[in-house]
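Below, each chain spelled out in residue letters.
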Amino acid sequence: MIKHFISLEWKQYFRSSYWQKSIALNILLVFFALYFVAIFLGGGFILLKVLKKLFPDQDPFVVLNGFLFYWIIADLLIRFFLQKLPVMTVKPLLTLPVKRSTVVHFVLGKSALSFFNFLPLFAIIPFSIMAINDGFETSMVITWMFTMIIVVLVLNFLNFIIEAVSSDSEYSFLPLLLVVGSLYALNYFDIVSMTSIVGGLFQTVSNTPILILAPAAVLGICYAYNYKILKDKLYLDASLQSKVEEVKAADLSWTKRFGDIAPFMQLDLKLIWRNKRTKSMALLMIIGLLYGLFFYPQQIYREMEFMWAFIGIFSTGFFLINFGQFIPAWDSAYYKMLMSQNIKYEQYLRSKFILMVMSVVAMFVLGIPYVYFGWKILLAHFAAAVYNIGVNSHVILWGGSYNRKKIELDKKAAFNYQGTGAVQWLIGIPLMLVPMALFGLLNWLLGFEVAIGTLLILGVTGVVLHRRLMSFITSKYLDSKYKMIDAFSQDT
Amino acid sequence: MIQTKELSKTYSDTTVLTIDALDIPKGQSFGLVGNNGAGKTTYFSLLLDLIKPTTGSITNDEVVVSESEDWKPHTSAFIDESFLIGYLTPEEYFYFIGDLRGQNKADVDALTSQFEDFFNGEIIGKKKYLRDLSKGNQKKAGIVAALIGNPDVIILDEPFANLDPSTQIRLKGILKDLAETKGVTVLISSHDLMHVTDVCERIVVLEKGEVVKDLETNPTTLKELEAHFAGNLMISSEEE
């Protein structure tokens, strides 16, 4: 049976139109993966020496175990946002003579093969080898190594439990942030020393190999819980006949002032507010807004002027980037209908454009309190907002005409991870790095005023050329009309 | 109203549709029948400019559909559920389509109120999103949405599938009324020979992408069609 599943997975992956059309992106991802492997591998080999040098009087294992708390927290956060439970098309299998338990075991087994689980091994194993070579007791090191591997797997399955729980609640990621934040705070303010508790646990297990059964038991429990969650979901009425939501209608008549694009704006607003996927994206805007608070309170960052442009672009353009990169895939489910309707493409795109511009303005206005950290920072944010409005908005709309990837909005969040993940973050890079590099370079060579002025001029130029740019972008969309219809009507 | 000239559609090496000439006059109710893969949906997709013809063209009211968009104001269609916007309520969807077709809320309300029978109380005022409706009710909403804005050409792919018997009968009444009294050109495809012969004045049989029969409907048409498709069966079973 498993053999059949593997062949199905293989075919699904290589026969999807996404794979065939974005080989370049896949190659880029492979390079990223190799890069991380290299870093972890290098880190694994030199870590022991580094620890000995930095903490000459302490046992390197004790020091390292002390840091494991931070690793666990960071790993959980990264996994939550980037790693998703592997999707399997289960509906056709339900009526076939396949045991439900086999399907679930397969999905869970597949998740254990994730890149996120292999990556730590590249550091853990070389570190252990180096430790044994260095004369540490072999049985202790080996136990430590296996404990680490088990913990990696525990994190893997724990993450899916967190995701399953949070996908049922309205504010998807907030509970996780709350828990992780309070754990971190408890530790930071020395209320409960999480670092020494976690470190102590690892220390004890390594010294008494038989205790490795404890983390193994935790792994077993996590696996069993996942198994239970997934098995319950494997009934049609759970995943297909989701509970019927009451309609929440809001008064959108204020959009009428935008004239002929009003119907599209109303549609876009409903799109954002009524689908889980878009809704959690809108809630993430809070993080985008507060992003500066991660940096500005620290003197070092406040003095790095090129960071101002980056934070400005990121925090004012957060919605622009996240919403914009999936234009027109948001409408992929009914794209055929739109194309057979009497609509002007330009109106359709202008509605999205105005929505993005409004978000930039709102984010900038809400971010005005950043002036507390200096008026120069506010000025940089203003220039970044103008750049977002004039340049990035058009660039991202233009990029959308190459979008060939469907998004299924009405799938429940638990099985709806199309398009998210590492790729999503990659696309944001050129939009943010270009203005940051430009700003940093000009600021360094010619001074702050010139750098600000350049961003402003570029932004204003974009606004002035808006009509021309839009008609160019519209023609791009028209050119790829048939390709988009075709790609959007395929199952991914 | 609709002229098809030397139309063909080829995917890599397979030709899925070849129609040398097919004229559909204004106000005709036109039925397209054929087995799976005969090219019905392909023809409708070409008519709506959703796919590109390999050769030839379709003209809708003097407008070549793949060259200009001027056919869109007077043409409407419901091909499948992908024409619906799942996160809207049926009312909101009707108003949205109405906005696109230059109809205000009152116009749309006036139109949909005529279909209370057809909706059977399951569509309007239910506070449900389209994605939460059953397949049959989704179809009803889609079909009525295609009638918004007084289009001259209405294209419906398999309108009878998934509908319950009473709704099928009501739908037949609606479609007949459109063509006979309002002069609308109605194009439908169906696997149900009885329904098509009931509704359509003219029936074209497609087979492997080609027109094999072009019939004016008369009392013997149903027999003729049944004989034709049964004949296919005989031939294919002989081949085996």
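Residues numbered from 1 in each chain as written. Chains lettered and ligands numbered in written order. Predicted model: local features only at pLDDT ≥ 70, side-chain atom pairs only at ≥ 80, totals over all residues.

Draft legend 1. Just the overall build of chain B, in detail. Looking only at helices and strands, chain B has eight helices and ten strands in total. With 240 residues in all, chain B has 46% of them scored as buried. In chain B, the proportion of contacts linking residues at least 24 apart, taken out of those at least 6 apart, comes to 66%. (Helix = DSSP H or I, 4+ residues; strand = E, 2+ residues; numbered from the N terminus. Buried ≥ 20, exposed ≤ 12 C-beta atoms within 10 Å, placed from the backbone. Contact = placed C-beta atoms within 7 Å.)

Draft legend 2. Broad picture of the overall build of chain A. Within chain A, the regular secondary structure consists of 24 helices and zero strands. Buried positions account for 32% of the 492 residues belonging to chain A. Contacts in chain A between residues at least 24 apart in sequence constitute 80% of all its contacts with a sequence separation of at least 6.

Draft legend 3. Examining the interface of chain B and chain A more closely. In this assembly, 25 residues from chain B lie in contact with 24 residues from chain A. Looking at the side of chain B that touches chain A element by element, the count peaks at three residues for helix H2 (residues 90–100) of chain B. Its residues assigned to classes, the side of chain B that touches chain A shows 14 nonpolar, three polar and eight charged. (Nonpolar A, V, L, I, M, F, W, Y, C, P; charged D, E, K, R; others polar.)

Draft legend 4. Molecular detail of the pairing of strand E8 (residues 185–190) of chain B. All names here are of chain B. Counting buried residues along E8, six of its six residues qualify, which places the element largely inside the surrounding structure. Going residue by residue along E8, you find Thr185, Leu187 and Ser189 tucked away on one face and Val186, Ile188 and Ser190 tucked away on the opposite face as well. Bridging between strand E3 (residues 29–33) and E8 involves five bridges; their strand directions are parallel. Across the sheet, the residue bridging to Phe30 is Leu187, located in E8. (Pairing = 2+ DSSP bridges.)

Draft legend 5. Structural detail: the sheet that holds strand E4 (residues 55–60) of chain B. All names here are of chain B. Strand order in the open sheet formed by four strands is E2-E1-E4-E5, with antiparallel pairing between adjacent strands. This sheet does not close on itself; its edge strands, each paired only once, are strand E2 (14–24) and strand E5 (63–64). As paired elements, E4 and E5 share two bridges and run antiparallel to each other. Bridge assignment links Asn60 to a residue of E5, and that residue is Val63.

Draft legend 6. Local environment of the environment of Lys405(A). All names here are of chain A. Residue placement: Lys405 occurs in the loop between helix H20 (375–400) and helix H21 (422–445). Overall, the presence of 21 C-beta atoms within 10 Å leaves Lys405 in the buried class. Considered as a pair, Lys405 and Trp330 are 75 residues apart in the sequence and their alpha carbons are 9.6 Å apart.

Draft legend 7. Highlighting the sheet that holds strand E10 (residues 210–216) of chain B. All names here are of chain B. In space, the six strands of this open sheet follow the order E6-E7-E8-E3-E9-E10, with mixed pairing throughout. Edge positions in the sheet fall to strand E6 (75–78) and E10, since each of these pairs with one other strand and no more. Averaged over all adjacent pairs, the angle separating strand axes in this sheet is 15 degrees, with direction ignored. Across the sheet, helix H1 (residues 40–47) lies against E3, strand E7 (153–157), E8 and strand E9 (202–207), angled at about 145 degrees from E7, the strand it touches most. (Axes fitted to C-alpha atoms, helices over the stretch in contact; angles between N-to-C directions.)

Draft legend 8. The arrangement of the packing of H20(A) against helix H22 (residues 448–464) of chain A in detail. All names here are of chain A. The N-to-C vectors of H20 and H22 enclose an angle of 30 degrees; their axes lie 7 Å apart at closest approach. Of the possible angle classes, the one that applies to H20 and H22 is roughly parallel. In this structure, H20 meets H22 at a crossing whose hand is left-handed. Of H22, the residues touching H20 (which contributes Lys376, Leu379, Ala380, Ala383, Ala384, Val386, Tyr387, Ile389, Gly390, Val391 and His394) are Phe448, Ile452, Leu455, Leu456, Leu458, Gly459, Val460, Thr461, Gly462 and Val463. (Parallel < 35°, antiparallel > 145°, perpendicular 65-115°, else oblique. Left-handed = near helix turned anticlockwise from the far one by under 90°.)

Draft legend 9. Local environment of the packing of helix H4 (residues 60–82) of chain A against helix H9 (residues 174–188) of chain A. All names here are of chain A. It is at 11 Å that the axes of H4 and H9 come closest, and there the two elements cross at 165 degrees. Judged by the inter-axis angle, H4 sits roughly antiparallel to H9. Considering only the axes of H4 and H9, their crossing is left-handed. Facing Phe69, Ile73, Leu76, Leu77 and Phe80 of H4, the residues of H9 in contact are Leu176, Val180, Leu183, Tyr184 and Asn187. Each residue belonging to the contact of H4 with H9 can be placed in one class, and the counts come to nine nonpolar, one polar and no charged.

Draft legend 10. Region of interest: unusual backbone geometry. The amide bond that connects Ile327(A) to the next residue, Pro328(A), takes the cis arrangement and shows omega of -5 degrees. Although it is not a glycine, Glu6(B) adopts a positive phi angle of roughly 45 degrees. Positive phi values are uncommon outside glycine, yet Glu158(B) reaches one of about 50 degrees. On the secondary structure map, Glu158(B) appears in the loop between E7 and helix H6 (165–182).

Draft legend 11. Spotlight on the pairing of E3(B). All names here are of chain B. Of all the five residues making up E3, five are buried; the element is thus mostly covered by neighbouring parts of the structure. As paired strands, E3 and E9 are joined by four bridges and run parallel to one another. Residue pairing across strands places Leu32 opposite Val204, the latter belonging to E9.

Draft legend 12. The arrangement of the nonpolar core in detail. Ala309(A), Leu455(A), Tyr93(B), Ala145(B) and Ile155(B) are the most contacted members of the largest nonpolar core, which has 132 residues in total. For this core, the leading source of residues is H20(A), giving eleven residues. Apart from residues lying up to four places away in sequence, Tyr93(B) is in contact with Leu84(B), Ile85(B), Leu88(B), Leu130(B), Ala141(B) and Ala145(B). Residues Leu64(A), Ile124(A), Met148(A) and Phe160(A) belong to the second largest nonpolar core, which totals 15 residues. (Core = buried A, V, L, I, M, F, W, Y, C linked by C-beta atoms within 7 Å.)

Draft legend 13. Molecular detail of the confidence of the model for chain B. Mean pLDDT for chain B: 88, with 96% of residues reaching 70 or above. Taken together, the chains of this predicted complex give a pTM of 0.70 and an interface ipTM of 0.82. (pLDDT = per-residue confidence, 0-100.)

Draft legend 14. Quick look at helix H13 (residues 262–274) of chain A. With 13 residues, H13(A) ought to run about 18 Å at 1.5 Å a step, and its terminal C-alpha atoms sit 18 Å apart, in line with that. Restricting attention to buried positions, one finds in H13(A) the residues Pro263(A), Phe264(A), Met265(A), Gln266(A), Leu267(A), Asp268(A), Lys270(A), Leu271(A) and Arg274(A). Elements in contact with the buried residues of H13(A): helix H14 (276–290) and helix H19 (345–366) of chain A together with H2 of chain B. (Expected span 1.5 Å × (residues − 1).)

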